[in-house]
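Working through the structure, step by step
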Amino acid sequence: LGQAVGLLLHVGTGGTAFAGVCMSSATQQILPSIGRPVQFFQLTAPDREDVIPTEQRTSWYGVEGTGAAAFRWTRETDIVWRVQARPFQPCNLLFAIPIQNEIQSGFANASRLEVGNKSAFLVRDVGVLTASLSLEEPVEAIVKLVMPPHLRPCDLGPVRDGRPLGLAISTGPAASGG
């Protein structure tokens, strides 16, 4: 909630605190003793054609399913999200990608997220992939999902779908922090 109104959560053995961008010098001195800032982002597939970011124009197939079960299959092995306009500052980043399916078992676990020169493999839980990264210096706020080569369902079993597919990522608003 705090991130949605411009506050950063600081967490550590020293406690927990929210702080804004415009902090007093006293607050700036205290925060390092509390803990590092933590930012959370949910990465989703675009829910409408007119909101697909430029960097994702060829990354997705059309929306399948409806309501909470709506998703898009990935079309490319790399998908990029610009999650905020300003660069990430040193912090801990937590990411969640809600998914409906994967082309074959183990595909999601072989995928990873990259931010700057940092990389983390995704961890699969029920309906969601997660990853965390720790940044020590400012980097552009671009997150890249890197997946193995996509596979065609028709090569895996008795179906006619010849599209190369990877992950079925739930649709939602543009990548969001929260």
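Structure report, in brief. (Residues numbered from 1 in each chain as written. Predicted model: local features only at pLDDT ≥ 70, side-chain atom pairs only at ≥ 80, totals over all residues. Heavy atoms only, no water.)

**Side note on the overall build of the chain**
A count of helical and extended segments in the chain gives 2 helices and 15 strands. In the chain, which comprises 178 residues, the share counted as buried stands at 39%. Counted over contacts in the chain with a minimum sequence separation of 6, partners at least 24 positions apart contribute 66%. Just so you have it, the chain exposes about 9400 Å², and 56% of that area is on carbon and sulfur atoms. (Helix = DSSP H or I, 4+ residues; strand = E, 2+ residues; numbered from the N terminus. Buried < 20%, exposed > 50% of the residue type's maximum accessible area, 1.4 Å probe, protein only. Contact = heavy atoms within 4.5 Å. Areas by Shrake-Rupley, 256 points an atom, 1.4 Å probe, with all protein chains shown as cover.)

**What to know about the pattern of salt bridges**
Oppositely charged side chains may form a pair once their charged atoms are brought near each other. Under the definition given, this model contains 6 salt bridges. Aspartate 155 is the partner of arginine 152 in a salt bridge, and the nearest nitrogen-oxygen pair spans 3.0 Å. Relative accessible area serves as the criterion here: at 34%, arginine 152 is assigned to the partly exposed category. One network of salt bridges, with partners in common, ties together Glu64, Asp161 and Arg163. (Salt bridge = Lys/Arg side-chain N within 4 Å of Asp/Glu carboxyl O.)

**Some words on the sheet that holds strand β13 (residues 142–146)**
Spatially, 4 strands are ordered β7-β13-β9-β10 in an open sheet, and the strand pairing comes out antiparallel. Each edge of the open sheet carries a strand with a single partner, namely β7 (78–82) and β10 (118–121). Strand-to-strand, the axes of this sheet are offset by a mean angle of 20°, without reference to chain direction. Direction of pairing for β7 relative to β13: antiparallel, over a ladder of 5 bridges. Paired with arginine 82 across the two strands is isoleucine 142, which belongs to β13. (Pairing = 2+ DSSP bridges. Axes fitted to C-alpha atoms, helices over the stretch in contact; angles between N-to-C directions.)

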